[in-house]
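Secondary and tertiary structure notes
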Amino acid sequence: MSKIAVLTSGGDSPGMNAGIRAVVRTAIYDGHEVVGIRDGYCGIFNGLFEEMNLSSVADIIHRGGTILGTSRCDRMEREEGIEKAVEILQENKIDLLIVLGGDGSMRGALELSKKGIRVATLPATIDNDLGYQEESIGFFTAIDTITEAIGRIRDTSSAHNRGNIVEVMGRKCGDLALYAGIAGGAESILVPEIPMDLEKVMEKVKIGKNRGKRHHIILITEDLIDAEDLAKKVEEETGVVTRVTVLGYIQRGGNPIIKDRINASILGEAAVRSIKDEKTAVALGIYKGRVRTIELEEALSIKKEIDLGLYETMQILSI
Ligand code: F6P
């Protein structure tokens, strides 16, 4: 019997709860002791360890957010913090730490593993910006939310004969804009991986306008360009009145859709089973439709690439 700890870290993502549930239930099924750590890595320093049982994770599979809470913990970026965290985890006799989070959280786990803590990480981020896998927990729910928002924005755009710039999250990864752009039938997308071609964007608005289109949705990844400036430019160059919608945190909330619940469940189970693995630091993820278990350091070294085939599809379908 081993003692397993689980925490959620960084930006929350829909499906984290399904992942916690899978970890706790698999651990109990296999005869392990399992504790939850509240508020991400900060909870280690604050001693927020709590025993988990079957009831602790009842009625959560469908809930957004994370019952354990999360944080962005600066202390984990310092040597002193890592050493302290290792000391506390060892005092608590943790045999395996399971971390649900994005790449910053995975880097924290890697540092802990270098100092002797066995870790397993699950990709839980709406950004889908981890190159070793293809379907991070929360990504599909966020696309669903964005796609629904695009539909609503299109209704009002069509009513007023306007353009709309819709800004989505994703940091350096354009997957949210790309997938939601296809699913929502946006006219143009701007993503960090592809050089920006504003002339093409203007051209599309003009073509649409000449064809009698009453809506023009331009989906952009955050931090790429000032959305208000772009709206002004579209208006000046095309004569189409253009508004801005920044979707913000509504993309991170909400009940996880089935795909995220299932992926989180499968990955949570696999993370517990990784305790038998020879490797002491692993990253788990869905790759080509199956669970992939890979050395954590290697996982972090794989650059996330945008799917150029899908980008091409987006271009073709939005003529
Ligand atoms: O990584 C998830 C994410 O939602 C990004 O898309 C976004 O840039 C960031 O988190 C926002 O972080 P915070 O919650 O710290 O504002």
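Structure report, in brief. Just so it is clear, the model here is predicted, and its values are computed rather than measured.

Thresholds applied
Residues numbered from 1 in each chain as written. Predicted model: local features only at pLDDT ≥ 70, side-chain atom pairs only at ≥ 80, totals over all residues. Heavy atoms only, no water. Core = buried A, V, L, I, M, F, W, Y, C linked by side-chain atoms within 4.5 Å. Buried < 20%, exposed > 50% of the residue type's maximum accessible area, 1.4 Å probe, protein only. Helix = DSSP H or I, 4+ residues; strand = E, 2+ residues; numbered from the N terminus. Contact = heavy atoms within 4.5 Å. 1 Å grid on protein atoms, 1.4 Å probe; cavity = no way out; pocket = protein on both sides within 12 Å on 5 of 7 lines; lining within 4 Å. Points joined across faces, edges and corners; volume = space filled by probe spheres on them. Nonpolar A, V, L, I, M, F, W, Y, C, P; charged D, E, K, R; others polar. Phe/Tyr/Trp six-rings, centres within 6.5 Å; stacked < 30°, edge-to-face > 60°. Lys NZ or Arg CZ within 6 Å of the ring centre and 35° of its normal. Axes fitted to C-alpha atoms, helices over the stretch in contact; angles between N-to-C directions. Parallel < 35°, antiparallel > 145°, perpendicular 65-115°, else oblique. Left-handed = near helix turned anticlockwise from the far one by under 90°. Pairing = 2+ DSSP bridges. Near = heavy atom within 4 Å. Polar contact = N/O pair within 3.5 Å; in protein donor to acceptor, adjacent residues only side chain to side chain. Areas by Shrake-Rupley, 256 points an atom, 1.4 Å probe, with all protein chains shown as cover. Sits in = over half its atoms within 2 Å of the grid points.

If you look at the biggest cluster of nonpolar residues, it comprises 32 residues, and the most contacted ones within it are Tyr41, Ile44, Leu89, Leu97, Leu112 and Leu296. Looking at this core, the elements with two or more residues in it are β1 (3-8), β2 (33-37), α2 (42-45), α3 (79-91), β4 (96-101), α4 (103-114), β10 (281-287) and α10 (296-301). Broken down by element, this core gets its largest block of residues, five residues, from α3. If sequence neighbours within four positions are ignored, leucine 89 has contacts with Ile37, Ile44, Phe49, Ile94, Leu97, Leu112 and Ile117. Among the nonpolar cores identified, the runner-up in size contains 28 residues, and Met16, Met52, Leu122 and Ala124 belong to it.

Let us now look at the layout of surface pockets. The computed volume of the largest pocket comes to approximately 600 Å³. Together, 30 residues line the largest pocket, and Gly10, Gly11, Arg72, Gly104 and Arg171 are the ones closest to its centre. With six residues, the single largest contributor to the lining of the largest pocket is α4. For the lining of the largest pocket, the per-class residue count stands at seven nonpolar, 11 polar and 12 charged.

Attention now moves to the packing of aromatic side chains. Within this structure, the stated rule accounts for two aromatic pairs. Ring plane angle 80 degrees and centroid distance 5.0 Å describe the contact between phenylalanine 139 and tyrosine 179, whose orientation is recorded as edge-to-face. Of this pair, phenylalanine 139 sits in helix α5 (residues 139-160) while tyrosine 179 sits in helix α6 (residues 175-184); the two residues are 40 residues apart in sequence, bridging distant segments of the chain. Given the relative accessible area of 0%, phenylalanine 139 is considered buried. Residue tyrosine 179 is classed as partly exposed on the basis of its relative accessible area of 25%. Joined through ring pairs, the aromatic side chains of Phe139, Phe140 and Tyr179 make up one cluster. Between the NZ or CZ atom of arginine 75 and the centre of the ring of phenylalanine 45, over which it lies, the distance is 4.3 Å. Directly above the ring of tyrosine 287 sits arginine 292, whose terminal nitrogen or CZ lies 4.4 Å from the centroid.

Put simply, α3 and α4 touch, their axes get as near as 9 Å, and they point 70 degrees apart. Classified by the angle between their axes, α3 and α4 sit roughly perpendicular to one another. In this structure, the crossing between α3 and α4 has a hand that is right-handed. Contacts between α3 and α4 involve Ile82, Ala85, Val86 and Leu89 on the former and, on the latter, Gly108, Glu111 and Leu112. Its residues assigned to classes, the contact of α3 with α4 comprises five nonpolar, one polar and one charged.

To continue, consider the sheet that holds β2. One open sheet accounts for seven strands, arranged β3-β2-β1-β4-β5-β10-β11; its pairing is mixed. On the outer flanks of this sheet lie β3 (49-51) and β11 (290-295), each paired with one strand and no other. The mean angle between the axes of side-by-side strands here comes to 25 degrees, regardless of whether they run parallel or antiparallel. In this sheet, β4 lies alongside β1 in parallel orientation, the contact comprising five bridges. Each bridged residue has a counterpart across the sheet, and for alanine 5 the counterpart in β4 is leucine 97.

Below, the discussion takes up the site of the ligand. For the ligand, the full set of nearby residues is Arg72, Asp127, Met169, Gly170, Arg171, Glu222, Tyr249 and Arg252. Within the side chain of arginine 72, one N or O atom sits 2.8 Å away from an oxygen atom of the ligand. Between glycine 170 and the ligand, the recorded distance is 3.2 Å, taken from a backbone N or O atom to an oxygen atom. A total of 400 Å² of accessible area belongs to the ligand in isolation, and the protein chains cover 77% of it. According to the grid-proximity analysis, the pocket containing the ligand is the largest pocket.

Strands in a sheet are paired, the pairing made by backbone hydrogen bonds, and the direction either parallel or antiparallel. On the basis of which strands lie adjacent, the open sheet formed by four strands has the order β7-β8-β6-β9 and parallel pairing. If you trace the sheet from one side to the other, it starts and ends with β7 (188-190) and β9 (242-246), each paired once. The sheet shows a mean angle of 20 degrees between the axes of neighbouring strands, taken without regard to direction. Pairing analysis gives three bridges linking β7 to strand β8 (residues 215-221), with the strands arranged parallel. Bridge pairing in β8 links leucine 190 to isoleucine 220. Its contacts with the sheet place α6 against β6 (162-168), β7 and β8, and it is angled at close to 155 degrees to β8. Seen against the sheet, helix α8 (residues 227-238) touches β6, β7, β8 and β9 and runs at an angle of roughly 160 degrees to β9.

Close contact between α5 and helix α9 (residues 258-273) brings their axes to 7 Å; oriented N to C, the two are set at 170 degrees. Between α5 and α9, the crossing angle belongs to the class labelled roughly antiparallel. From α5, Phe139, Phe140 and Thr141 reach across to α9, where they touch Lys259, Asp260 and Asn263. Within the contact of α5 with α9, the residues separate by chemical class into two nonpolar, two polar and two charged.

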